Amino acid sequence: SLTNHGFSGGKIGTPTQQATLSGPSWSSILTGVWTDRHGVTNNNFTGSQFRLWPSYLKILESQVADIYTASVVTWAPINTSVFLPDGVNPNLDYRLSSGSDRNTTSQAISQINGFSSSGKGALFMHLDDIDIAGHASGLYSTSYLREVADVDSQIGEVLTAIRNRSTFSSESWQVVLVSDHGHIAGGGHGNQSTMERTVPIIVSSKSVAQGFSQADTRQPSLVDISATVLDHFGVSTPAGQVGQPLGSSAIDLAGRPSLANGLVSHIAFDGNANGSSGTNGGTATGNIQYEAGRFGQAAKVQSYGEGTIRMNQDLGFTFGVDSDFAMSMWMKYDSMTGADPAFFSNKDWNSGSNTGINLALLPAGGGSLDFNTKAASGVRRDIEPLGGLDAGNWNHILFNVDRNDRTLLYLNGILYGEISSTSLGSFDGAFNWTFFNDGTGAYTGGTIEGLMLDEFGTWNRLLTNDEISYLSQSSISTVPEPNSGFLAIAFLAVLIGLARNRNSHVSVLGPKR
């Protein structure tokens, strides 16, 4: 069960609001309450109330007979503050502050190997290097992505150790993975931007629902982790904890507004640029090819400048100055050179200060997305992460434009960038939105080879978290209408298959500061 839309930082404007710092965040993960109860406001853990609100490991020690509890962390204050013996709540059986992620992984595996085959156990594991890289060089930098890959391999080692237990097939394992907070694109956190507040949460066991966990009706958060772990052991959530167990259900669009609601244009690119029934399409010029795409066929320009598809409707004018809107598409490319070739735009990209919205490729970080906006009465605003858009792979790109708040950019269902205040005025550029180039169709500031686009959609409303999750795996045409049932999502099968674990211990992993 996965959500990319969990939240840190409490509920804004209420006593639960807390800084997106590690001290308050790990306190919430481990105790199931926000700062108004656990008392932590900083990384020094001053004001903590852990005697009143103990961690889930200490609750398990008091509620589950003969359970073995362990905490192996890279950041020592978790052990010396949250898990510190307090003379009131039971102490853990094992605590180690390793000083490095490599040592943490090695010692966590030793704990897993030593768990009794006839007893129960719970392990908390903390990794730090992703957060350090984020602070040092920002998100999507080469060093940041390298640390993500390293941590991914370390988690893989832990899962392998679980699977290799001789009694694994008869055990009932649960693995929970969470980050304590996000980062702004340039690195850093502590405030309440969407990038800082957004966290992924994965829950894997033999009993959890497979797919994206629901995020619209009740958005998952840090305080749900404790309840999720306790529920796995059959322990009731203590009175006062505000979290609820995760993993019991997956998203289902049936019975709620579907993606047909507010759909202004849907172009599947299945052999032509026509819009689906009741929606607007585009007109192709030049050498546009149609080949096997992400779903069905996709439109392709082999070399940049050979052709374009221009939308028939002036959507910038249609959306006006106050209508929220969302756009979604799949994109793939073989290679790119030069500065910033545009591939979807309604403006002259020779100046990013021209009115409109422009998507372009950048060479930084091995390939990244340049998202440029400028409304007629506002100022130019850009999102320029440093990487994460690899050549040769299909990538899902989606953005929500909230005229009274933020513009949010998603890549493959994950929040990729944020404009804290949407530019004021109309985004009606000098041209209708155009695929495969800028609005002029003649931009030459770089080249792209093997550029393909598929499954474009635009809505005169904002898309929800569940819809964003669904679209990152599905075509628009296969999204069920209300009451038509649920299409199973299988993309997590590998992860869940690998992690059918546990004797009853939990691994919680994530970056720190």
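Okay, so let's go over this structure.

Conventions and cut-offs
Residues numbered from 1 in each chain as written. Predicted model: local features only at pLDDT ≥ 70, side-chain atom pairs only at ≥ 80, totals over all residues. Heavy atoms only, no water. Helix = DSSP H or I, 4+ residues; strand = E, 2+ residues; numbered from the N terminus. Rg over C-alpha atoms; globule rule 2.2 N^0.38 Å. Buried < 20%, exposed > 50% of the residue type's maximum accessible area, 1.4 Å probe, protein only. Contact = heavy atoms within 4.5 Å. Lys, Arg positive; Asp, Glu negative; His and termini not counted. Charge placed at Lys NZ, Arg CZ, Asp CG, Glu CD. Core = buried A, V, L, I, M, F, W, Y, C linked by side-chain atoms within 4.5 Å. Axes fitted to C-alpha atoms, helices over the stretch in contact; angles between N-to-C directions. Parallel < 35°, antiparallel > 145°, perpendicular 65-115°, else oblique. Nonpolar A, V, L, I, M, F, W, Y, C, P; charged D, E, K, R; others polar. Phe/Tyr/Trp six-rings, centres within 6.5 Å; stacked < 30°, edge-to-face > 60°. Lys NZ or Arg CZ within 6 Å of the ring centre and 35° of its normal. Pairing = 2+ DSSP bridges. Salt bridge = Lys/Arg side-chain N within 4 Å of Asp/Glu carboxyl O. Left-handed = near helix turned anticlockwise from the far one by under 90°.

Check the secondary structure of the chain and you find twelve helices and 22 strands. Since a compact globule built from 513 residues should have a radius of gyration of about 24 Å, the 24 Å found for the chain is in line with a globular shape. For the chain, buried positions account for 58% of its 513 residues. Contacts in the chain between residues at least 24 apart in sequence constitute 69% of all its contacts with a sequence separation of at least 6. Separation of charge centres in the chain, based on 29 positive and 44 negative side chains, amounts to 7 Å.

A few words on the nonpolar core. Residues F343 and F435 are the most contacted members of the largest nonpolar core, which totals 83 residues. Counting 36 residues, the second largest nonpolar core, distinct from the first, contains W34, A122, V229 and L230.

Running from N to C, helix α5 (residues 101–114) and helix α7 (residues 142–163) cross one another at 10°; their axes reach a closest spacing of 9 Å. Taken together, the axes of α5 and α7 are roughly parallel relative to one another. Residues D101, R102, T105, I109, I112 and N113 of α5 form the contact with α7, whose own contacting residues are V151, Q154, E157, V158, A161 and I162. Grouping the constituent residues of the contact of α5 with α7 by class yields six nonpolar, three polar and three charged.

To continue, consider helix α3 (residues 56–63). Residues spaced three or four apart along an α-helix face the same direction, because each turn holds 3.6 residues. Most of α3 sits inside the fold, with six of its eight residues counted as buried. All buried positions along α3 are accounted for by Y56, L57, K58, I59, L60 and E61.

On to the packing of aromatic side chains. Within this structure, the stated rule accounts for 17 aromatic pairs. With centroids separated by 6.4 Å and ring planes inclined at 55°, the aromatic side chains of F325 and W433 adopt a geometry described as tilted. Placement of the pair is F325 in strand β12 (residues 325–332) and W433 in the loop between β20 (414–419) and β21 (434–435), with a sequence separation of 108 residues. This pair shows no difference in class: F325 is buried, exactly as W433 is. Here the aromatic residues F269, F319, F325, F344, F427, W433, F435 and F456 are joined through ring pairs into a cluster of three or more. Its end group placed over the ring of W330, R294 keeps NZ or CZ at 4.6 Å from the ring centre.

In this fold, L259 is placed in the loop between α9 (224–232) and β7 (263–267). Using a relative accessible area of 3% as the deciding quantity, one classes L259 as buried. Taking C-alpha positions, L259 is 48 Å from G99, a pair spaced 160 residues apart along the chain.

Judged by pairing direction, the sheet is antiparallel, and its three strands sit side by side in the order β1-β6-β5 without closing on themselves. Two strands lie at the open edges of the sheet, namely β1 (2–7) and β5 (174–178), each paired on one side alone. Geometrically, the sheet is characterised by an average inter-axis angle of 25° between neighbouring strands, direction not taken into account. In terms of strand pairing, β1 meets strand β6 (residues 198–205) through four bridges, oriented antiparallel. Opposite G6, over in β6, you have V199 as the bridge partner.

What follows is about the pattern of salt bridges. Side chains carrying opposite charge are able to pair once their charged atoms draw close together. Scanning the entire structure with this criterion turns up nine salt bridges. When the shortest N-O distance is used, the salt bridge between R406 and E418 registers 2.4 Å. Taken together, the residues span a long stretch of sequence, with R406 in the loop between β18 (395–401) and β19 (407–411) and E418 in strand β20 at a distance of twelve residues.

Across the nine residues of α9, eight count as buried, placing the element largely inside the fold. D224, I225, S226, A227, T228, V229, L230 and H232 are the residues of α9 that are buried. Contact partners of the buried residues in α9: α1 (22–31), α3, β5 and β6. With its phi angle positive at about 75°, G234 sits one or two positions after the end of α9.

Let's shift gears to the sheet that holds strand β15 (residues 356–362). Reading across from one edge, β8-β11-β21-β14-β15-β16-β17 is the order of the seven strands in this open sheet, with antiparallel pairing throughout. Whereas interior strands pair on both sides, the edge strands pair on one side only; in this sheet they are β8 (282–286) and β17 (381–383). Pairing of strand β11 (residues 307–311) with β21 involves two bridges; the strand directions are antiparallel. Within β21, the residue paired with I309 across the bridge is F435.

Attention now goes to unusual backbone geometry. The backbone phi angle of D66 is positive, close to 60°, even though this residue is not glycine. Note that D66 resides in the loop between α3 and β2 (67–73). Notably, F436 is not glycine yet its phi reads approximately 80°, a positive angle. Here F436 is to be found in the loop between β21 and β22 (447–459).

Another aspect to go through is the packing of α3 against α9. Interaxial distance between α3 and α9 falls to 10 Å at its minimum, and their mutual angle equals 25°. Taken together, the axes of α3 and α9 are roughly parallel relative to one another. In this structure, α3 meets α9 at a crossing whose hand is right-handed. Contacts from Y56, I59 and L60 of α3 reach α9 at S226, V229 and L230.

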